[in-house]
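What the coordinates show
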Amino acid sequence: MDELPIELNVITLNCWGRKRGTPHRAERMTAIGRYLATTEPVPHIVALQECFEHDDYLAIRQETRFTLPFGKLYHSGPSSCGLVILSRWPIEESSMVPFSLCGRPARLLRGDFSAGAQGIACARIRYGEGEEDVVEVFNTNVDSTYGEPSQNSSYMVHRLSQAWQIAKLVRNASERGHLAVVLAGLDTAPFSLPYRLLTSHATIRDAWRVMYPDSSLGPPSNGLERARGRPTPTAAFNVTDNGVTSNSPYNTWSWSSSEKRALHSGKRPMLISPEAPDEDGQRVDYIFFSRGGNPHAYPTDLSEILSAHNTYTDDGVGMSASPPGWVVKDTRVGLMARHPDFGCSLSDHFSVNASLILHTPTPHHRRRRQQSRSRSRSRSPSPTREPTALPSGASIMNPTKKPGTVTQIQPHRGGTSTPSTHNSRSLIRPKGGKRERERERGRPVTPHSFTSTEAGITTIGARATAIEQGTYLPSPTASSFRRSSRDRAAWDYQLSNLELGTPPRLPLPAYDEILHVISRHAAYAHRQRQLGVAHFAFWCAVLVGSAVGIWFLPDGKGAFGLLVGSSLGLVAGVASLLLSLLFYAAELNKLSEFEWEILNAKAVMSGMVPDALAHQGIDAEMKW
């Protein structure tokens, strides 16, 4: 077994790999595999959605055979569910958990039911020999809204049920003391009802919201985002700060038909201004993670490589270290490169990349000692000095009133970027603004931008030779990785909000909203079931009437047409009857189970007595 990692790099990506209606699918899949093999930092775990064809999976595996040697394509239903997990380490155990509510057979053209039963691809990946040296990965792609308003969508109850199933699996993994990572295409905005149900019931956090707590809550047309009164974001700001992965102006598949034709003809370069307004961009792909380990236990073998710098005070007296936990170091949008031959984006979604760090919290006595020393230094008089010239790109940070902080010279951390790929709003911050307030609270404030290496085509082609020759890019090790005190303070703040015993609670009105959605859909399913039976009975009557009417028609052609039409109608009636007796009946039973679980969760949250728990579902069962 290799040295235990202290950094875990994960990527989630919707490949857009449906067999029909996806141009240049095979070429794009090969380019996606090359991107995964050459991107930096080197990924350890990758989750792909909508990779339906086995040949596409093999093409990606061929490109990533050195960096991600282990992988699995999951199968469910009549065909592949399109879920793939790639890993640097062997997959110790895997399972495919189908969604109980998934798709509607009456909407075959939408593909969510005909493409195969969707579900949750689960994998246990062991990266060390310790009992808790396990990461449990959950890869999923929930039902789409198909352009309908999220709250009024007929698929809303399906998406809520799917989020509930994911939350239960992730919660069990977290309670086992394992790191749980959810790589999901939720196709919903942050703080929507499925999002809140998932993050409240499972002890996980959204990696992007941890790094960017002030990011948007959806496109400008979203009600929550509109209430904030923010101006329309630019294309670059949406990518760097809001984490937009779908419908971005940088993605060629979101362009109009005329722009796509111009791109295909190659008559003129298609460049997108970073200041172009982006009204349709959405963040629908997510990386969630848990704290990992038992926050109330003493350090295990997992933390020994990290706890040495925290287990001793400045006087050399040994102290017991706090239990370690996983925090997010960095998160960003990736796969913005275009195909070198066709000039199109590699998928209709961008990827989400995140780096997690195994962090041991700084002991409280050491924090107090550092703060007291900082206060004493700030009170001591300092000799008058001549002004010193600042190096290029450096700026003086104003001292804040918070104890323990001093004036320091800090170089600008915006990184290199081209004018066409960076938004000036993410670099220039007014004095005393949001970033200084976040620095006081200990939150990470490092700006992120996609550079020309990330957004250019050269990323795919220039470094492919090293991969073909078998070059392996190792991850950071404990001897080469160093953390500053500011980073440790930010990660201590993260761990304080990621304790297993204090997950965010879903308010009771939200449970009532879920129950209302279930009741509304159950009434719809019950009505469709009755209509199906009535439709079959109607065509049976028509067929019998046609058989009788044939005797009274003088023309043989008219009698034949009447018989054929009634027979075809009877076939449609039989199909409706089968849907009513099989699908809608099963859906009503599953809705009944889902309703009971939500009622039970609401009762537990409100402190209801056990007697009420035993009788709380009787009224709902009677009205159905």
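Residues numbered from 1 in each chain as written. Predicted model: local features only at pLDDT ≥ 70, side-chain atom pairs only at ≥ 80, totals over all residues. Heavy atoms only, no water.

Digging into the confidence of the model for the protein chain
Regions with low pLDDT carry predicted coordinates that are not meant to be interpreted in detail. Per-chain confidence: the protein chain averages 76 in pLDDT, with 67% of residues scoring 70 or above. Strand 14 (residues 408-411) is the least confidently modelled element of the protein chain, averaging 34 in pLDDT, while strand 10 (residues 285-289) averages 97, the highest of any element. pLDDT under 50 marks residues 295-320. Its contacts with residues more than four places away, or in other chains, come to 46 contacts. This model gives residues 382-483 a pLDDT under 50, and the stretch forms 165 contacts once residues within four places in sequence are excluded. (pLDDT = per-residue confidence, 0-100. Helix = DSSP H or I, 4+ residues; strand = E, 2+ residues; numbered from the N terminus. Contact = heavy atoms within 4.5 Å.)

Considering empty space enclosed by the protein
For the coordinates displayed, the defined rule picks out 3 cavities of 30 Å³ or more. Taken as a whole, the second largest cavity spans an internal volume of roughly 40 Å³. Looking at the second largest cavity, the residues that line it are V142, R159, A163, L186, T188, P194 and Y195. Grouping the amino acids of the lining of the second largest cavity by side-chain chemistry returns 5 nonpolar, 1 polar and 1 charged. (1 Å grid on protein atoms, 1.4 Å probe; cavity = no way out; pocket = protein on both sides within 12 Å on 5 of 7 lines; lining within 4 Å. Points joined across faces, edges and corners; volume = space filled by probe spheres on them. Nonpolar A, V, L, I, M, F, W, Y, C, P; charged D, E, K, R; others polar.)

A word on the sheet that holds strand 7 (residues 134-141)
Reading across from one edge, 5-6-7-8-10-9 is the order of the 6 strands in this open sheet, with mixed pairing throughout. The outermost strands of the open sheet, each flanked by one partner alone, are strand 5 (91-98) and strand 9 (205-206). Across 7 bridges, the pairing between strand 6 (residues 119-126) and strand 7 is antiparallel. Residue pairing across strands places A123 opposite V137, the latter belonging to strand 7. (Pairing = 2+ DSSP bridges.)

Some points on the side chain of S87
Among the structural elements, S87 can be located in strand 4 (residues 79-87). Classification of S87 by relative accessible area gives buried; the value is 0%. A distance of 2.7 Å separates a polar atom in the side chain of S87 from the backbone oxygen of W89. If we ignore the near neighbours within four places in the chain, the residues touching S87 are H44, I45, L68, P69, F70 and I125. (Buried < 20%, exposed > 50% of the residue type's maximum accessible area, 1.4 Å probe, protein only. Polar contact = N/O pair within 3.5 Å; in protein donor to acceptor, adjacent residues only side chain to side chain.)

Remarks on the nonpolar core
In this structure, L8, I45, Y74, V135 and L183 are the most contacted members of the largest nonpolar core, which totals 38 residues. Sort the elements by how many residues they give to this core and strand 12 (residues 351-359) lands first, with 4 residues. Among the nonpolar cores identified, the runner-up in size contains 24 residues, and V517, A522, L599 and A601 belong to it. (Core = buried A, V, L, I, M, F, W, Y, C linked by side-chain atoms within 4.5 Å.)

Observations regarding the pairing of strand 4
Most of strand 4 is tucked away: 8 of the 9 residues are buried. Bridging between strand 2 (residues 45-51) and strand 4 involves 4 bridges; their strand directions are antiparallel. Bridge pairing in strand 4 links I45 to S87. Taking the residues that link successive antiparallel strands as the turn, the strand 3 (residues 70-76)-strand 4 hairpin has 2 residues, and the phi of G77 there is positive, at about 75°.

What about the packing of helix 1 (residues 25-38) against helix 2 (residues 54-63)?
As a packed pair, helix 1 and helix 2 sit with axes 8 Å apart at the nearest point and diverge in direction by 30°. The angle between helix 1 and helix 2 falls in the class roughly parallel. Pair helix 1 / helix 2 crosses with right-handed handedness. Across from R25, A26, M29, T30, G33, R34, L36 and A37 in helix 1, the residues of helix 2 making contact are D56, A59, I60 and E63. The residue makeup of the contact of helix 1 with helix 2, split by class, is 6 nonpolar, 2 polar and 4 charged. (Axes fitted to C-alpha atoms, helices over the stretch in contact; angles between N-to-C directions. Parallel < 35°, antiparallel > 145°, perpendicular 65-115°, else oblique. Left-handed = near helix turned anticlockwise from the far one by under 90°.)

As for the environment of T252
Looking at the element boundaries, T252 is found in the loop between helix 7 (235-240) and helix 8 (257-265). T252 gets classed as buried once you look at its relative accessible area, which sits at 2%. Distance in space between the C-alpha atoms of T252 and L263 is 8.5 Å, their sequence separation being 11 residues. When neighbours within four sequence positions are excluded, T252 is seen to be in contact with K260, L263, R338, G343, C344 and S345. Polar side-chain contacts of T252 include one of 2.9 Å to the backbone nitrogen of S345.

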